[in-house]
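# Examining the three-dimensional arrangement
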Amino acid sequence: LGGYFYGEASDEYGGNKYGFYAQADQMLWREAGEQGLRMFSLWYFAPAYDNEFAFYAHGGLVYQGVIPCRDRDELLAGAVVGRYGEGAGGSKSPAPTDSVLFEAGYRVRLGGWGFVQPFAQYIVQPAGTAAVANAAILGIFLGADF
């Protein structure tokens, strides 16, 4: 659990800003070692009148070791929802309301030094309005462990 507060002189949003968040990560089912199913989540709340986002939440599931000979690989699935604040988008019409994202991927561990992760995303109202078409994305992350 946490929060933030800071003063900001801004014509766009006014003065002080504050918000609150809660995060939870939990192993749900464990096989040998670190293998098994775990969940993750983050919830964020802030006053709509002076924040870009009034509400944001993401969560999902990660299964490590789903393929027997690939004990460190991870299968991932998650969703994100964000509700824009009253001042978001400035004078754009229509004003942004909310966006939703769905994502799935598979992280392939490369020895002890990195990973390759192909993923797919689908975003509903990418700019927070129906004025922007929904988007389907295929991509790949590359990472190195130090």
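Below is a short write-up of the structure. Quick caveat: nothing in here was measured; it's all calculated off a predicted structure.

### Remarks on the pattern of salt bridges
Evaluation of the coordinates by the stated rule reveals five salt bridges. R30 is paired through a salt bridge with E34; the nearest N and O atoms lie 3.9 Å apart. Taking relative accessible area as the criterion, R30 reaches 46% and is therefore assigned partly exposed. With a relative accessible area of 54%, E34 lands in the exposed category. Residues R70 and D73 are paired through a salt bridge, measuring 2.7 Å at the closest nitrogen-oxygen approach. Take D73: its relative accessible area is 2%, and that puts it in the buried class.

### Some thoughts on the side chain of Q64
Mapping Q64 onto the fold places it in strand β4 (residues 53-64). The exposure class of Q64 is buried, given its relative accessible area of 13%. From its side chain, Q64 meets the backbone oxygen of D71 in a polar contact 3.5 Å long. With residues near it in sequence (within four places) discarded, Q64 still touches E34, Q35, G36, R38, D71, R72, D73 and E74.

### Describing unusual backbone geometry
Backbone geometry places Q125, a non-glycine residue, at a positive phi of 55°. Residue placement: Q125 occurs in the loop between β7 (114-124) and β8 (135-144). Overall, the relative accessible area of 19% leaves Q125 in the buried class.

### Considering the packing of aromatic side chains
This model, assessed by the stated rule, comprises eight aromatic pairs. Ring geometry for F119 against F141: centres 4.7 Å apart, planes inclined by 25°, an arrangement best described as stacked. In this pair, F119 sits in strand β7 while F141 sits in strand β8, placing the two residues 22 residues apart along the sequence. A residue is classified by how much of its surface remains accessible, and F119, at 12% relative accessible area, is buried. A network of ring pairs unites the aromatic residues Y4, Y6 and Y44 as a single cluster. Over the ring of F115 we find R107, and its NZ or CZ is 3.9 Å from the ring centre.

### A word on the sheet that holds strand β2 (residues 17-30)
The strand order β1-β2-β3-β4-β5-β6-β7-β8 describes an open sheet built from eight strands, whose pairing is antiparallel. The two strands at the open ends of the sheet, each matched to only one other strand, are β1 (2-6) and β8. Within the sheet, the average angular offset between the axes of one strand and its neighbour, ignoring direction, is 15°. By the bridge criterion, ten bridges tie β2 to strand β3 (residues 36-45) in an arrangement that is antiparallel. Bridge assignment links D25 to a residue of β3, and that residue is F40.

### With respect to a nonpolar patch on the surface
Taken together, F20, W43 and F45 make up a surface patch of nonpolar side chains, about 340 Å² in accessible area. The topology assignment puts W43 in strand β3. The partly exposed category is assigned to W43, whose relative accessible area is 41%.

Scoring rules and cut-offs
Residues numbered from 1 in each chain as written. Predicted model: local features only at pLDDT ≥ 70, side-chain atom pairs only at ≥ 80, totals over all residues. Heavy atoms only, no water. Salt bridge = Lys/Arg side-chain N within 4 Å of Asp/Glu carboxyl O. Buried < 20%, exposed > 50% of the residue type's maximum accessible area, 1.4 Å probe, protein only. Helix = DSSP H or I, 4+ residues; strand = E, 2+ residues; numbered from the N terminus. Polar contact = N/O pair within 3.5 Å; in protein donor to acceptor, adjacent residues only side chain to side chain. Contact = heavy atoms within 4.5 Å. Phe/Tyr/Trp six-rings, centres within 6.5 Å; stacked < 30°, edge-to-face > 60°. Lys NZ or Arg CZ within 6 Å of the ring centre and 35° of its normal. Pairing = 2+ DSSP bridges. Axes fitted to C-alpha atoms, helices over the stretch in contact; angles between N-to-C directions. Patch = residues over 30% accessible without salt bridge, like charges linked within 9 Å, V, L, I, M, F, W, Y side chains within 5 Å. Areas by Shrake-Rupley, 256 points an atom, 1.4 Å probe, with all protein chains shown as cover.

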